[in-house]
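# Coordinate inspection notes
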Protein chains: 2
Amino acid sequence: MSPEGPRPGGRSARVQAAVHQAVRGLQAERPRGEITVPRVAARAGVTPSTVYRRWGDLTELLADVAAERLRPDRPPVDAGGLRADLLAYVGGYLEEVSSPTGRAVLRDVVAASSAPELPAGRCDAYVRAQLGIIVERARGRGERVPPVARIVETVMAPITYSVLFASAPLAAADVRRLVDTALAPTVTAAG
Amino acid sequence: MSPEGPRPGGRSARVQAAVHQAVRGLQAERPRGEITVPRVAARAGVTPSTVYRRWGDLTELLADVAAERLRPDRPPVDAGGLRADLLAYVGGYLEEVSSPTGRAVLRDVVAASSAPELPAGRCDAYVRAQLGIIVERARGRGERVPPVARIVETVMAPITYSVLFASAPLAAADVRRLVDTALAPTVTAAG
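Residues numbered from 1 in each chain as written. Chains lettered and ligands numbered in written order. Predicted model: local features only at pLDDT ≥ 70, side-chain atom pairs only at ≥ 80, totals over all residues. Heavy atoms only, no water.

### Observations concerning the overall build of chain A
Along chain A, the regular secondary structure elements total 9 helices and 0 strands. Along chain A, from the amino end to the carboxyl end, the secondary structure elements read α-α-α-α-α-α-α-α-α. Viewed in the frame of its principal axes, chain A has a C-alpha envelope of about 60 × 40 × 25 Å. Here chain A, with 191 residues, has 46% of them falling under the buried criterion. Here the contacts in chain A between residues at least 6 apart in sequence split such that 68% fall between residues at least 24 apart. Only carbon and sulfur atoms are counted for the fraction: they give 56% of the accessible area of chain A, which is about 9100 Å². (Helix = DSSP H or I, 4+ residues; strand = E, 2+ residues; numbered from the N terminus. Buried < 20%, exposed > 50% of the residue type's maximum accessible area, 1.4 Å probe, protein only. Contact = heavy atoms within 4.5 Å. Areas by Shrake-Rupley, 256 points an atom, 1.4 Å probe, with all protein chains shown as cover.)

Shown next as structure tokens:
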């Protein structure tokens with residue numbers, strides 16, 4: 001274990017960083033079944049009980065690391081218009097989550113169940129925040145915009161469902177079709 | 001271990017039934033973290049290696065049991081018309097997967113990754129088969145029907161996404177809205 005520093009917040013952040021890094025390192029080297037809390041702890045230089053106290057169990061830890069991977073590190077690309085912005089963002093999301101690593105990340109996120117800081121809820125919030133930026137930008141340009149909830153339902157949900165459940169994830173042509181559906185005038189409004 | 005019978009298929013089916021029943025029994029009695037392959041094996045009267053050989057690991061076993069829970073045991077209710085049939089089926093699906101047990105079942109299904117007999121793919125196939133029956137029945141009545149893929153995208157995907165990712169699953173009013181969207185004339189056709 002690393003020595004106790006004078007600032008608990010500082011140590012807490014260091015433990016978090018070391019444990020996350022240890023998980024990512026093990027994930028790069030070993031099959032999923034060989035990743036255990038004692039192995040993570042040893043690599044991070046902390047005790048297993050530190051990991052259990054903070055994360056509960058391996059599932060919660062892997063979900064926390066996975067949610068962190070899905071945290072956006074910059075605002076969505078400004079491609080000049082709502083449709084182009086959505087196509088760029090959604091295309092990037094599909095590419096990210098439909099790779100073998102991306103599918104594993106989504107599965108890890110969903111596997112955890114601890115309310116209220118649900119990792120899956122964090123990912124949903126990241127998606128809505130990025131879409132919110134795109135929609136606000138479009139509104140600022142004077143474009144007609146659908147509610148973020150409608151884009152989530154019409155575009156993000158089918159993409160995510162296809163990655164998690166279907167034998168093949170959706171393709172780029174499907175992304176265009178779904179974005180156009182989200183942008184089309186509607187009979188029934190999304191909540 | 002139970003004695004080897006003369007019919008390997010018979011023994012195989014008995015092992016499957018005993019192991020599934022042991023998992024369901026443990027799930028009813030213990031928190032998720034306390035379910036282990038040795039405990040399941042002991043309760044089922046088989047060796048842990050039998051379980052590992054057949055299912056790979058605990059995640060795959062739990063996914064197999066979860067997919068089995070989602071297997072429909074009867075055709076969808078005939079409520080007299082396409083919209084009514086869809087509302088009944090989708091409402092039942094939402095009720096099933098939005099309970100705490102149902103959410104855990106969906107999470108278990110999604111957590112496994114072994115191709116090609118992916119438990120999540122089996123669940124997707126169950127859903128499409130039930131929707132296929134509803135759509136064929138409606139076609140037989142002379143109703144205009146959307147493709148099953150469109151119903152999956154427009155209705156099942158948002159419901160499933162809401163259960164897995166959002167802080168609150170969708171409600172009955174959302175089900176009506178989504179079904180009406182799936183049945184509305186479209187600009188862009190689903191693949």
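### Some details on the nonpolar core
With 75 residues, the main nonpolar core has Val155(A), Ile159(A), Phe165(A), Leu131(B), Val155(B), Ile159(B) and Phe165(B) as its most contacted residues. Broken down by element, this core gets its largest block of residues, 11 residues, from helix 8 (residues 148–165) of chain B. The residues touching Ile159(B), leaving out its near neighbours within four places in the chain, are Val90(B), Tyr93(B), Leu94(B), Leu170(B), Val175(B) and Leu178(B). (Core = buried A, V, L, I, M, F, W, Y, C linked by side-chain atoms within 4.5 Å.)

### Quick notes on the relation of the copies chain B and chain A
After a rotation of 180° and a shift along the axis of 0.0 Å, chain B superposes on chain A with an RMSD of 0.0 Å. Within this description, the copies of the chain are treated as partners about a two-fold rotation axis. Looking at chain B, 100% of its interface residues are interface residues in chain A too, so the copies touch through the same face. (Least-squares fit on C-alpha atoms with pLDDT ≥ 70 in both.)

### Quick look at the UniProt feature "domain: HTH tetR-type" (unreviewed entry) in chain A
Feature annotation in UniProt assigns "domain: HTH tetR-type" (unreviewed entry) to the following positions: residues 13–73 of chain A. Helix makes up 75% of residues 13–73 of chain A and strand 0%, whereas the separation of the span's terminal C-alpha atoms amounts to 18 Å. (UniProt positions renumbered as here; feature names shortened; annotations may be inferred.)

### Brief notes about the pattern of salt bridges
For the structure on display, the rule yields 34 salt bridges over all chains. Across the pair Glu153(A) and Arg177(B) runs a salt bridge whose closest N-O atoms are separated by 2.9 Å. One end of the pair, Glu153(A), is in helix 8 (residues 148–165); the other, Arg177(B), is in helix 9 (residues 172–183), on a second chain. Residue classification places Glu153(A) among the buried residues on the basis of a relative accessible area of 14%. Asp85(B) is paired through a salt bridge with Arg141(B); the nearest N and O atoms lie 3.2 Å apart. Residue Asp85(B) is located in helix 5 (residues 82–98), and its partner Arg141(B) is located in the loop between helix 7 (119–140) and helix 8; the two are separated by 56 residues in the primary sequence. A residue is classified by how much of its surface remains accessible, and Asp85(B), at 0% relative accessible area, is buried. Classification of Arg141(B) as partly exposed rests on a relative accessible area of 32%. Shared partners join several salt bridges into a network, and the residues in it are Asp78(A), Asp85(A), Arg137(A), Arg141(A) and Glu143(A). (Salt bridge = Lys/Arg side-chain N within 4 Å of Asp/Glu carboxyl O.)

### Things to note about the UniProt feature "DNA-binding region" (unreviewed entry) in chain A
According to UniProt, the positions carrying the feature "DNA-binding region" (unreviewed entry) are residues 36–55 of chain A. Between the C-alpha atoms that bound residues 36–55 of chain A the distance is 13 Å, and the span itself is 80% helix and 0% strand.

### Here we look at the packing of helix 2 (residues 37–44) of chain A against helix 3 (residues 48–55) of chain A
Residue and element names in this part refer to chain A. Axis separation between helix 2 and helix 3 bottoms out at 8 Å; the angle between their running directions is 110°. By the angle between their axes, helix 2 is roughly perpendicular relative to helix 3. For the element pair helix 2 and helix 3, the recorded crossing hand is right-handed. In this structure, helix 2 contributes Val37, Pro38 and Ala41 to the contact, and helix 3 contributes Pro48, Val51 and Tyr52. Looking at the contact of helix 2 with helix 3 residue by residue, the classes come out as 6 nonpolar, no polar and no charged. (Axes fitted to C-alpha atoms, helices over the stretch in contact; angles between N-to-C directions. Parallel < 35°, antiparallel > 145°, perpendicular 65-115°, else oblique. Left-handed = near helix turned anticlockwise from the far one by under 90°. Nonpolar A, V, L, I, M, F, W, Y, C, P; charged D, E, K, R; others polar.)

### Considering the interface of chain B and chain A
Chain B puts 29 residues into the contact, and the matching count from chain A is 29 residues. At the boundary of chain B with chain A, total buried surface from both sides reaches about 2600 Å², with 63% on carbon and sulfur atoms. By the criterion of area lost to chain A, the three top residues of chain B are Glu153(B), Tyr161(B) and Phe165(B), representing 27% of everything that side buries. Our enumeration of links across chain B and chain A arrives at 2 salt bridges. Applying the counting criterion to the chain B and chain A interface returns 4 residue pairs in polar contact (both at pLDDT 80 or more). (Buried area = accessible area lost by both parts, 1.4 Å probe. Polar contact = N/O pair within 3.5 Å; in protein donor to acceptor, adjacent residues only side chain to side chain.)

### A closer look at helix 2 of chain A
Residue and element names in this part refer to chain A. All of the buried residues along helix 2 are Val37, Val40, Ala41 and Ala44. Projection of helix 2 onto a plane perpendicular to its axis shows the buried side chains occupying an angular sector of 95°, all on one side. Once helix 2 finishes, Gly45 follows within two positions and takes phi at roughly 75°, a positive value. (Arc of directions from axis to C-beta.)

### Section: helix 8 of chain A
With 18 residues, helix 8 of chain A extends 24 Å from end C-alpha to end C-alpha; this agrees with the ideal 26 Å at 1.5 Å per step. Met156(A) marks where helix 8 of chain A bends most, by close to 35°; the proline Pro158(A) follows one to four residues later. (Expected span 1.5 Å × (residues − 1). Bend = angle between axes of the 7 residues up to and from the residue.)

### As for the packing of aromatic side chains
All names here are of chain A. With the rule as written, the count across this model stands at 2 aromatic pairs over all chains. Ring centres 4.8 Å apart and planes at 15° place the aromatic pair Tyr161 and Phe165 in the stacked group. Of this pair, Tyr161 and Phe165 both sit in helix 8, separated by 4 residues, roughly a single helical turn. A residue is classified by how much of its surface remains accessible, and Tyr161, at 6% relative accessible area, is buried. Exposure remark for Phe165: the relative accessible area of 2% places this residue in the buried category. (Phe/Tyr/Trp six-rings, centres within 6.5 Å; stacked < 30°, edge-to-face > 60°.)

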